[in-house]
Amino acid sequence: MKKLLVALAGLGVLMGAATVNAAPEDDRTKMVNTFKSKYPDVKIEDYVYGALAFDPDSMSQYKSIMEFPPYSGEVDKGEKLWKTPMKSGKTYADCLPNGGKMIAGNYPMFDNAKNKVVTLEDAINDCRVANGETAWEYGDAKTMGLLTAYMRTLSDGMKMNIKVEGEGAMKAFEDGKKTYYQRAGQFNFSCASCHVDAAGNRLRSEILSPVVGQATHWPVFRGGDTLVTLQKRYEGCYRNVRHVPDKPGSTRFNNLEYFHSYLSNGLEMQSTVFRK
Ligand code: HEC
């Protein structure tokens, strides 16, 4: 009898491990399939355009704006930051994997040694600190924002490739998922209320973008040249439902970004883009 119990327990652990790794992929495919059946005419590749994919008029306006982006001067400032050597004499390209090219789609990643999610912004700050500079604030548009606006252009066309492997990664993913579905604020909405359940519908004058594809194109420039990073957008959405949000770079937001980005896996990245 004892042997049988041990054997069953062993099997349970094994089955547990298998489902742990499958869960994020299940979440993603279920989500994609839900959207596919609700909107059979919208191609999943086009979800990277967010709400524009559901509105041909706005899409054609967007395309003409993108021919001569009003924010290109800002991206040039980011390029200058990128090319300016740090105190050690080294550049970001010297410090990041693959010279910083075609890597943005691997972030956020789970770092087992640190036992936490590392965003691209964290990786940049790690470089800065290792090379004699001080860390920048994640949400600072004039430093981190501009640098990433340029740096992410070096990953254009890369497919989002977030990995969730191991227990720590799975915990962070689950924590991000919990935040995503948690209702908050005076209006008692979760992210999913708007970007899953109501995606493709209008909220006042705006069409709500679906969660799939949302993480592929950051930072965005709103209304011309106002830079908004992904986590600043989280903050903005929370404020809209009258919830006092966490700060960009907090563990909660990093885990949320980890979950949120995973749902865009396989979609092509593009930086930077215009948004209303
Ligand atoms: C009350 C509805 C509402 C809630 C709740 C909400 N958002 Fe939004 N969100 C919007 C609207 C409206 C926009 C602008 C139109 C669009 O792109 O969807 C937007 C835009 C976004 C965008 C930008 C999409 C793009 O391509 O530019 C992201 C990312 C986003 N929201 C993430 C979130 C996350 C994460 C949460 C939860 C923390 C959240 N939102 C909660 C209404 C909401």
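Please read these numbers as outputs of a predicted model, since none were measured by experiment.

Before going further, it helps to spend a moment on the domain arrangement of the protein. What the domain assignment lists for the protein is domain 1 (23-69 + 167-275) and domain 2 (72-155). A separation of 22 Å is found between the C-alpha centroids of domain 1 and domain 2. On the domain 2 side, the residues contacting the 23 residues of domain 1 number 23 residues. Broken down by secondary-structure element, the contributors of at least two residues to the side of domain 1 that touches domain 2 are α7 (167-181), α9 (230-240) and α10 (251-262). For the side of domain 1 that touches domain 2, the element with the most residues is α10, which contributes six residues. For the side of domain 1 that touches domain 2, the per-class residue count stands at ten nonpolar, ten polar and three charged.

Before going further, it helps to examine the site of the ligand. Neighbouring residues of the ligand: 21 residues in total, closest Gly50, Cys191, Cys194, Ser209 and Cys237. Breaking the shell around the ligand down by element, the ones donating at least two residues are α8 (191-197) and α9. With five residues, the single largest contributor to the shell around the ligand is α9. In terms of residue class, the shell around the ligand is built from eleven nonpolar, seven polar and three charged.

How each quantity is defined
Numbers given to residues run from 1 along each chain, matching the order in which its sequence is written. Predicted model: local features are reported for residues with pLDDT of at least 70 only, side-chain atom pairs are reported and counted for 80 or more only, and whole-chain, interface and lining totals are derived from all residues. Where each domain begins and ends is defined by an automated method or by a domain database. In this description, a residue-residue contact is defined by the distance between C-beta atoms placed from the backbone, which must lie within 7 Å. Each helix is a run of H or I in the DSSP string that is no shorter than four residues. Each strand is a run of E no shorter than two, and both are numbered from the N terminus. Ten residue types, Ala, Val, Leu, Ile, Met, Phe, Trp, Tyr, Cys and Pro, are classed as nonpolar, four, Asp, Glu, Lys and Arg, as charged, and the remainder, Gly among them, as polar. For each residue, a C-beta position is placed from the backbone atoms; the residue is near a molecule or strand when that point lies within 6 Å of it.

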